[in-house]
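# Examination of the molecular architecture
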Amino acid sequence: MQLRDKVVLITGASEGIGACCADAFRGRGARLSLTARSLHKLERVGGAEAVITAGDLKDPEVRRRAVESTLERWGRIDVLINNAGVGLYVPAWRAPEQDVRGMLELNLFAALGMTQLVVPAMKQQRAGVIVNVSSIAGLVTLPWFTLYSASKFALRSMTDGMRMELRRDGIRFTTVCPGYVSTGFQQNVLAGRPPDKLWRMRRFAITPEQCAHAVVRGVERGKRTVVTPRMGWLLLAGRTLFPGLIDRAMERIYHGLDM
Ligand SMILES: NC(=O)c1ccc[n+]([C@@H]2O[C@H](COP(=O)([O-])OP(=O)(O)OC[C@H]3O[C@@H](n4cnc5c(N)ncnc54)[C@H](OP(=O)(O)O)[C@@H]3O)[C@@H](O)[C@H]2O)c1
């Protein structure tokens, strides 16, 4: 897809990967509509031109406003990036139900809600791209992130299904699976903290700018799945071929043991 003058709606655009996606799509000449809770951060990212909708995306009314104000201003939506998401570092067997539901509301239901609002316009246009930001944790279950992994697996599965439901309407779907990205994500989690060993793996982290670049390229090239960094494919292959071995390695990280 050629991005000049295309209308791109990005959720979770006030910081991190979403804010860098806004910069990257603007750099390609796209028109932006941005949403997240923090108004002043969105205004800083969006500048004078972007449509801004501030509010909690778990609220259906906020989602409705984000889509309607975009359509009012630009008359169409070419790309939806469902990027807003949050983590939860609490073992599944004792995770507070309220936190689990809150995470699923944002990571899964908000993405579904935004998609349901945008699809009628895209069907009319007979074109559109919907990008769902999943995670490496949506390809391989991470034991320090069991329920977050579940939310990202569900998002990926939903994306695969809707791709088949809507391909004949000209709507394309891309799943993005980033590995460790150096953003405020680790600090913004709902509860808990990552195992110490994981902190030490920060040296393998990519920047949010690199991640955003991968998202833009994925949209331009019509990719089904973007894994960034590409090393993530190796982890998936390893988990598919040697599930027991990879599980043991994950367990050792989780329990803080030497590899
Ligand atoms: N960072 C990583 O290592 C990593 C790896 C794989 C996948 N991901 C995924 O990538 C996506 C972006 O992550 P990130 O690293 O950029 O995280 P981040 O820096 O914490 O940014 C999260 C964004 O989501 C918004 N947000 C959070 N809760 C919201 C809510 N209830 N309603 C509306 N907006 C909300 C935040 O803005 P406000 O606070 O202003 O609302 C912010 O703009 C997430 O889906 C995450 O799961 C991240």
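A few points on the structure. Residue positions are counted from 1 within each chain, in the order its sequence is given. With pLDDT at 70 or above as the cut-off, local features in this predicted model cover only qualifying residues; side-chain atom pairs require 80 or more to be listed or tallied, and sums for whole chains, interfaces and linings still use all residues. Side-chain measures here rest on the full set of heavy atoms in the structure, leaving out hydrogens and waters.

### Description of the packing of helix α8 (residues 231-241) against helix α9 (residues 243-254)
Under the convention used in this document: As a rule, the C-alpha atoms of each element are fitted with a line to give its axis, helices using only the stretch in contact, and angles between N-to-C directions run from 0 to 180 degrees. Numbered from the N terminus, helices here are DSSP runs of H or I no shorter than four residues, and strands are runs of E no shorter than two. Put simply, angles under 35 degrees are roughly parallel, angles over 145 are roughly antiparallel, angles from 65 to 115 are roughly perpendicular, and the rest are oblique. Pairs of residues are marked as contacts when any of their non-hydrogen atoms sit within 4.5 Å. Amino acids are sorted into nonpolar (Ala, Val, Leu, Ile, Met, Phe, Trp, Tyr, Cys and Pro), charged (Asp, Glu, Lys and Arg) and polar (every other residue, Gly among them).
As a packed pair, α8 and α9 sit with axes 5 Å apart at the nearest point and diverge in direction by 120 degrees. Between α8 and α9, the angle falls in the class oblique. Listed contacts from α9 to L235, G238, R239, T240 and L241 of α8 are P243, I246, D247 and M250. Looking at the contact of α8 with α9 residue by residue, the classes come out as five nonpolar, two polar and two charged.

### Focus on the pattern of salt bridges
As a reminder, the rule being used: Between Lys or Arg on one side and Asp or Glu on the other, a salt bridge is scored when a side-chain nitrogen of the former is within 4 Å of a carboxyl oxygen of the latter. Partly exposed residues are those whose accessible area sits between 20% and 50% of the maximum for their type, while under 20% is buried and over 50% is exposed, using a 1.4 Å probe and protein chains only.
What the rule picks out here adds up to 14 salt bridges. Its salt-bridge partner being K41, residue E15 comes within 3.3 Å of it at the nearest N-O pair. Residue E15 is located in the loop between β1 (7-11) and α1 (16-27), and its partner K41 is located in helix α2 (residues 39-46); the two are separated by 26 residues in the primary sequence. K41 gets classed as partly exposed once you look at its relative accessible area, which sits at 25%. The salt bridge partner of R26 is D23, with a shortest N-O separation of 3.0 Å. Taken together, the residues span about one helical turn, with R26 and D23 both in helix α1 at a distance of three residues. One salt-bridge network, in which partners are shared between bridges, spans E61, R64 and E68.

### What to know about helix α5 (residues 146-166)
Note the cut-off: The span you would expect from a helix comes to 1.5 Å times its residue count less one.
Its 21 residues give α5 an end-to-end C-alpha distance of 30 Å, which sits within 8% of 30 Å, the value for a rise of 1.5 Å per residue. Those residues of α5 lying buried are L147, Y148, S149, S151, K152, L155, M158, T159, M162, R163 and L166. Residues of α5 that are buried make contact with α4 (97-125), β5 (128-133) and β6 (171-178).

### Examining the side chain of S149
Tracing the chain through its elements places S149 in helix α5. Beyond its immediate sequence surroundings of up to four residues, S149 is in contact with A137, G138, V140, T141 and L142.

### Structural notes on the sheet that holds strand β7 (residues 225-228)
As a reminder of what qualifies: For two strands to be treated as a pair, DSSP must find no fewer than two bridges joining them.
Taking strand neighbours across the sheet as the criterion, the seven strands line up as β3-β2-β1-β4-β5-β6-β7 in an open arrangement whose pairing is parallel. Unpaired on one side and paired on the other, β3 (51-54) and β7 mark the two borders of the sheet. For this sheet the average axis-to-axis angle between neighbouring strands, irrespective of direction, equals 15 degrees. Strand direction decides the pairing type here: strand β4 (residues 79-82) and β5, joined by four bridges, are parallel.

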